[in-house]
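Summary of structural features
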Amino acid sequence: MSDDFELVHGSGNVFRDLGLPNADLEQLRSILAAEIIHVLDRRGLTVRKAEELTGIAAADFSRIRRAKLGRFTVDRLMTILARLDQQVDINVDVHPRNAGDIGGETHPRL
């Protein structure tokens, strides 16, 4: 067994590193879900108590806790945070993609 290895730094987005579609959207949804979980944990809220406080179904909080985010839109997750008395601020940076990121096609940079 060789002791040689290559250290590869990630992009900061595991979904992108894994080559998954809609990586940026998945990253944002995951960040919002993690914040919801953080609020629930910090306040010691069960999913039932969170339902009572917010009017959001306990099943939705359970899905979020299990990272089953497929049926949640970004705006829905933001609404849940708002109902948990959280303010969401989002900063957006737009950069050209690297050549080859879009189906292997190269696109000129403007």
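Parameters at a glance
- Residues numbered from 1 in each chain as written.
- Predicted model: local features only at pLDDT ≥ 70, side-chain atom pairs only at ≥ 80, totals over all residues.
- Heavy atoms only, no water.
- Salt bridge = Lys/Arg side-chain N within 4 Å of Asp/Glu carboxyl O.
- Helix = DSSP H or I, 4+ residues; strand = E, 2+ residues; numbered from the N terminus.
- Buried < 20%, exposed > 50% of the residue type's maximum accessible area, 1.4 Å probe, protein only.
- Core = buried A, V, L, I, M, F, W, Y, C linked by side-chain atoms within 4.5 Å.
- Contact = heavy atoms within 4.5 Å.

1. What to know about the pattern of salt bridges
By the definition in use, this model includes 7 salt bridges. The closest approach of N and O atoms between Arg29 and Glu26, which form a salt bridge, is 2.8 Å. Placement of the pair is Arg29 and Glu26 together in helix 2 (residues 23-43), with a separation of 3 residues, close to one helical turn. What makes Arg29 buried here is its relative accessible area of 9%.

2. Remarks on unusual backbone geometry
The residue Asn22 is not glycine, and still its phi comes out positive at about 55°. Inspection of the secondary structure assignment puts Asn22 in the loop between helix 1 (14-17) and helix 2. The backbone of Asp85 sits at a positive phi, close to 60°, despite the residue not being glycine. Under the relative-accessibility criterion, Asp85 is labelled exposed at 65%.

3. Things to note about the nonpolar core
One recurring pattern in soluble globular proteins: nonpolar side chains tend to sit buried together. Ranked by internal contacts, the top residues of the largest apolar core, which has 19 residues, are Ile36, Leu40, Phe61, Ile64, Ile80 and Leu84. Broken down by secondary-structure element, the contributors of at least two residues to this core are helix 2, helix 3 (47-54), helix 4 (58-65) and helix 5 (74-83). Ranked by the residues each element gives to this core, the list is headed by helix 2, at 5 residues. Not counting chain neighbours up to four residues away, the residues in contact with Ile64 comprise Ala33, Ile36, Ile37, Leu69, Phe72, Leu77 and Ile80.

4. Thoughts on the side chain of Asp60
With respect to the helices, strands and loops of the structure, Asp60 is situated in helix 4. If we skip the residues at most four places from it in the chain, Asp60 touches Phe72 and Arg76.

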